[in-house]
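One-letter residues, chain by chain:
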Amino acid sequence: MEGNVLQEVNPEYIKRIDRVINYIGDNLDQSLSIKELAKIACLSEFHFHRIFGAIKGETLNSFSNRLRLEKAARLLRDSTQSIVDISLECGFSSSSTFSRSFKNNYENSPNDYRKTGKFKNSKICKELFPEHEYIIPMTIEEKEKLFPVEIRKLPEWNTAYIRVSNSYEGDRVLKAFSKIIDWAKKSGVFHNGILFGMSLNDPTITPKNLCTYEVGFACEGDFENNNELSVTRIPSRSYAVTKVNGDIKLVATAWEYLFRNWLIQSKYEPEHAPAFEIFLNKEKALDWSNFKLELCLPVKLIN
């Protein structure tokens with residue numbers, strides 16, 4: 001599916017497939033059966049594959065394997081876990097099976113990627129987000145001063161969201177923000193809730209056309225009469241939080257600092273959960289010439 005915001009798809013189908021996607025993401029270390037996933041979607045096993053493919057634009061097996069490999073790539077780059085532990089945590093039967101799958105997908109071995117944090121294959125690189133074009137040259141000292149980090153525990157949130165596929169294409173994400181803001185205002189929750197954006201992929205690992213972005217609206221209470229959007233709960237977690245006020249390049253630089261500098265020097269490691277951006281000025285969330293955000297990276301103490 002080329003973005004569930006732009007196509008006229010029955011919202012009930014989107015909600016059902018969103019439940020499956022959430023379940024897969026929470027259980028990447030498990031072998032999940034078609035029967036189990038079809039039951040979560042409340043769909044016939046016979047038709048589930050086709051419906052999933054129609055909504056996501058890729059097969060169930062391809063989607064699941066891609067999520068496992070992307071999680072593994074993040075762990076290789078951002079953690080000190082052994083390759084054996086990473087392969088098991090990401091649902092591979094052995095480190096050798098994982099290594100073959102990783103190399104078949106990225107044309108780099110896990111060891112090579114861990115050493116550099118970058119993919120050397122030119123074909124893969126062309127499909128990935130050109131991160132270097134968005135990073136502002138700064139010293140570590142300048143970044144530390146500009147992006148002070150605090151550890152904050154956020155409460156459990158009830159969340160209504162729109163999941164946007166192929167999120168770098170055109171104005172898909174902007175349209176999702178507009179839709180969810182209109183919904184929040186009509187529902188009477190806009191002024192008391194939290195507007196946020198969440199990238200479900202690392203664009204330096206996932207090809208741009210497969211990147212997915214969630215636009216969400218969260219609160220501590222329940223949403224009433226929500227028949228338009230998918231809903232879920234974000235559990236209470238600890239986050240490394242920093243503020244940024246500026247253009248997209250400053251935002252990209254702040255994220256790069258959190259992951260590449262602050263995290264690896266801290267006593268924390270990333271939780272297996274997406275990072276997100278809280279929009280501090282909800283009324284101006286559609287003005288992308290300047291962002292006022294809190295960047296939230298889920299973390300836990302290193303054991």
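Our structure's up above, just so we're on the same page.
Residues numbered from 1 in each chain as written. Predicted model: local features only at pLDDT ≥ 70, side-chain atom pairs only at ≥ 80, totals over all residues. Heavy atoms only, no water.

**Let's talk about the pattern of salt bridges**
The following threshold applies: The working definition used for a salt bridge is a side-chain nitrogen of Lys or Arg within 4 Å of a carboxyl oxygen of Asp or Glu. Elements are defined by DSSP. Helices are runs of H or I of four residues or more, strands are runs of E of two residues or more, and each kind is numbered from the N terminus. When accessible area is computed with a 1.4 Å probe and restricted to protein chains, residues below 20% of their type maximum are described as buried, those above 50% as exposed, and intermediate ones as partly exposed.
All told, the structure shown has 13 salt bridges when counted by the stated rule. Across the pair Arg16 and Glu12 runs a salt bridge, and its minimum N-O distance is 3.1 Å. One end of the pair is Arg16 and the other is Glu12, both in helix H1 (residues 11-26) and 4 residues apart, which spans about a single turn. You can call Arg16 partly exposed: its relative accessible area is 22%. The class of Glu12 is partly exposed, set by a relative accessible area of 34%.

**Points about helix H10 (residues 172-186)**
To keep it simple, the criterion reads: Expected span of a helix: the number of residues minus one, times 1.5 Å. As used here, the arc is the angular range of directions from the helix axis to the C-beta atoms. By the convention used here, residues are in contact when the closest approach between their heavy atoms is within 4.5 Å.
The terminal C-alpha atoms of H10, which comprises 15 residues, lie 21 Å apart, in line with the 21 Å expected from a rise of 1.5 Å per residue. Arg172, Val173, Ala176, Phe177, Ile180, Ile181, Trp183 and Ala184 are the residues of H10 that are buried. Summarising the axial view, the buried residues of H10 lie within an arc of 165°, below the 170-degree limit, and thus occupy one face. Where H10 is buried, its residues contact strand S2 (157-165), strand S3 (194-199), strand S4 (212-219) and strand S8 (276-279). Of the residues flanking the end of H10, it is Gly188, one or two places downstream, whose phi is positive at about 75°.

**Structural notes on the packing of helix H2 (residues 34-41) against helix H3 (residues 45-56)**
Our working rule: As a rule, the C-alpha atoms of each element are fitted with a line to give its axis, helices using only the stretch in contact, and angles between N-to-C directions run from 0 to 180 degrees. Here the word oblique covers every angle except those under 35 degrees (roughly parallel), over 145 (roughly antiparallel) and from 65 to 115 (roughly perpendicular). Note on residue classes: Ala, Val, Leu, Ile, Met, Phe, Trp, Tyr, Cys and Pro are nonpolar, Asp, Glu, Lys and Arg are charged, and everything else, Gly too, is polar.
Remark: H2 packs on H3, axes separated minimally by 9 Å, with the N-to-C direction vectors making an angle of 75°. Classified by the angle their axes make, H2 and H3 are roughly perpendicular. Residues Ile34, Lys35, Leu37, Ala38 and Ala41 of H2 touch H3, and the partners they reach there are Glu45, Phe48 and His49. Within the contact of H2 with H3, the residues separate by chemical class into 5 nonpolar, 1 polar and 2 charged.

**As for the pairing of S3**
What counts is decided by this rule: One bridge is not enough; two strands pair if DSSP finds at least two bridges between them.
When S3 meets S4, the two strands line up antiparallel, connected through 6 bridges. In the sheet register, Leu195 faces S4, and the bridge partner there is Phe217. Here S3 pairs with S8 via 2 bridges, running antiparallel. Across the sheet, residue Gly197 finds its bridge partner in S8, namely Glu277.

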